[in-house]
Amino acid sequence: MRRRMDAYLEPLVEPERFAFYQAVCEFADNEIAPELLTWERQHCLLPEKVIRAIADLGLFGLTVAEEYGGQGGTQMDLVLMGLALGYHSQSVAITPGAAASLGIKPLQLCGGEDQKRAHLPDLAAGKRMFVFGLSEPGRGSDAANPEVRATRIAGGWRLQGEKCWSTNAKWASHIIVHAMTNPEGPRGHRSTCFIVPMDDPHVHYQEMHGKQVWMQSSTGSIVLDQVELKDDAVLGTEHDGFRVMATTLNGGRLFIAGLALASLAYALDRCCTYAQERRQFADQPIGRFQRVQDVILDMDIALEQGLTWLLHLVRQYDAGTLHREAAAKVKIECSRRASELLPLAMEMCGGVACLDEFGLVRHWRDLFVCRVGEGSNFVLKTLATRPLMPHIQDMLQ
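Everything in this summary refers to the structure shown in the same document. No experiment lies behind these values; they were computed from the predicted model shown. Per chain, residue numbering runs from 1 following the sequence as it is written. It should be noted that, the model being predicted, local features are given only for residues of pLDDT at least 70 and side-chain atom pairs only at 80 or more, the latter also being counted only at that level, while totals for whole chains, interfaces and linings use all residues. Note that water and hydrogens are dropped before the side-chain values are worked out from all heavy atoms of the structure.

1. A short note on the environment of L107
- Secondary structure elements are taken from DSSP: a helix is a run of H or I of four residues or more, a strand is a run of E of two residues or more, and numbering for both begins at the N terminus. In this fold, L107 is placed in helix α6 (residues 90-110).
- In the structure, L107 is positioned 69 residues away from I176 in sequence and 9.2 Å away in space, judged by C-alpha atoms.
- The contact rule is simple, with two residues in contact once any of their heavy atoms fall within 4.5 Å. Leave out the neighbours within four places in its chain, and L107 touches Q115, K116, H119, L120, L123, F130, I195 and L235.

Rendered as structure tokens:
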């Protein structure tokens, strides 16, 4: 099925990358879309057979170097995968997306060679999955000061505390824990990241129930009860956990911006079809009304602008030249614009838009996560504003 989004993507990427995107779209159309309603109505997480199918396509190892058993792709490939899968369901797309951008990426950026060889082959094959333990019950936006504590013991460390809102927790083999190790240190040098096995008897996972967004994605609470680790569990260097976290989230924000645009792309296609088929007032299609046209055109403009901007920044990310505030800005704007337009799209379609089978309400719900995930838009606006007022940037809050 040709999507309006394809017309904007094809000129922006290389032919082989566009072919990859189309192949993932075909997988989503054939294997995901027909099952979504059943999964949602049964309130079940993404089935293991689907996770296995995603692994068989090589999507978990998309950005892992070939020497470690991966596909050798880049952030561009990851974002294209998110656009292809997120068109039908953000919660499906975020499963391999978070596994790569939040689970594998810290290891790629900051891990030692022994750590990479120990984990990357199984991560690339989908036999393991890392979850990024950042958010906590008492810490959301203030992620630089985690409440989880890691204290020195003979030969290693002891961890105590809880992480929550951890994507892919149910399927995770390990959690990357961002923990406080130097409370009196300078800002940005107070924490350390650790690789912790989920099967440690002192690690306790519980799925977070009652969530009404990303319905097929696992979101867990993970308690660390006096977990003891050796020094080789440190990811990166001691007291450098903030850098691990910050560099990881840059790529994650680009992926989230892509999910917002995928939802917008679905809404645009759904509304274009509906506006031509739905007939009212002397048996005329509602698409003839200018107010309907306005909504459709605004979605189309926002989609073209967002994709062009996003892919430009993704190329900068892959070249190592992307600034943090740029990733924040595109995530803010894509999630904000899509969130503004989805209610108008639903209003244009009327009561049918409330039905789960119509699809719009799923994307309307999930766009909330795009606004608060990978850093709340409220907080990211301060990050993005700092370069604009450099003489008072330390005063901004």
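2. With respect to unusual backbone geometry
- Phi at F281 takes a positive value of approximately 50°, unusual for a residue other than glycine.
- You will see that E374, though not glycine, has its phi angle at about 60°, which is positive.
- Within the fold, E374 resides in the loop between α11 (360-372) and α12 (377-385).

3. What to know about the nonpolar core
- Residues belong to one nonpolar core when they are buried, are Ala, Val, Leu, Ile, Met, Phe, Trp, Tyr or Cys, and are joined through side-chain atoms within 4.5 Å. Summary of the burial criterion: residues with accessible area below 20% of their type's maximum are buried, those above 50% are exposed, and those between are partly exposed, where the area comes from a 1.4 Å probe applied to protein chains only. In this structure, L83 and L360 are the most contacted members of the largest nonpolar core, which totals 108 residues.
- Considering every element that reaches this core, the biggest residue donor is helix α8 (residues 241-277), with 19 residues.
- Look past the residues within four positions of L360 in its chain and what remains in contact with it is Y266, A267, R270, C271, L342, A345, M346, C349 and A353.
- Core analysis: the next-biggest nonpolar cluster, separate from the first, contains 20 residues, A150, W157, I175 and V203 among them.

4. Let's talk about the pattern of salt bridges
- When a carboxyl oxygen of Asp or Glu lies within 4 Å of a side-chain nitrogen of Lys or Arg, that pair is called a salt bridge. All told, the structure shown has 21 salt bridges when counted by the stated rule.
- Between E10 and R2 there is a salt bridge; the shortest N-O distance is 3.2 Å.
- If you follow the salt bridges from partner to partner, you end up with E14, R17, D77 and R315 in one network.

5. Some thoughts on the packing of aromatic side chains
- Only centres within 6.5 Å qualify two rings of Phe, Tyr or Trp (six-membered ring in Trp) as a pair; their planes then separate them into stacked at under 30 degrees, edge-to-face at over 60, and tilted for everything else. Tallied over the full model, the rule gives 5 aromatic pairs.
- Where Y274 meets F358, the ring centres are 5.6 Å apart and the plane angle is 85°; that geometry is what we call edge-to-face. Of this pair, Y274 sits in helix α8 while F358 sits in the loop between α10 (324-349) and α11, placing them 84 residues apart in sequence. The residues Y274 and F358 share a single accessibility class, namely buried.
- Both a distance and an angle decide whether a charge sits over a ring: NZ of Lys or CZ of Arg must be within 6 Å of the ring centre and within 35 degrees of the ring normal. Positioned over the ring face of Y87 is R3, at 3.9 Å from the centre of the ring.

6. Points about helix α5 (residues 75-86)
- The span one expects for a helix is its residue count, reduced by one, times 1.5 Å. Its 12 residues place the ends of α5 16 Å apart at the C-alpha level, agreeing with the 16 Å of an ideal helix rising 1.5 Å per residue.
- Across the 12 residues of α5, 12 count as buried, placing the element largely inside the fold.
- When α5 is considered as a whole, its buried residues turn out to be Q75, M76, D77, L78, V79, L80, M81, G82, L83, A84, L85 and G86.
- Buried residues in α5 make contact with α1 (4-9), α2 (15-32), α6, α8, α9 (290-319) and α11.

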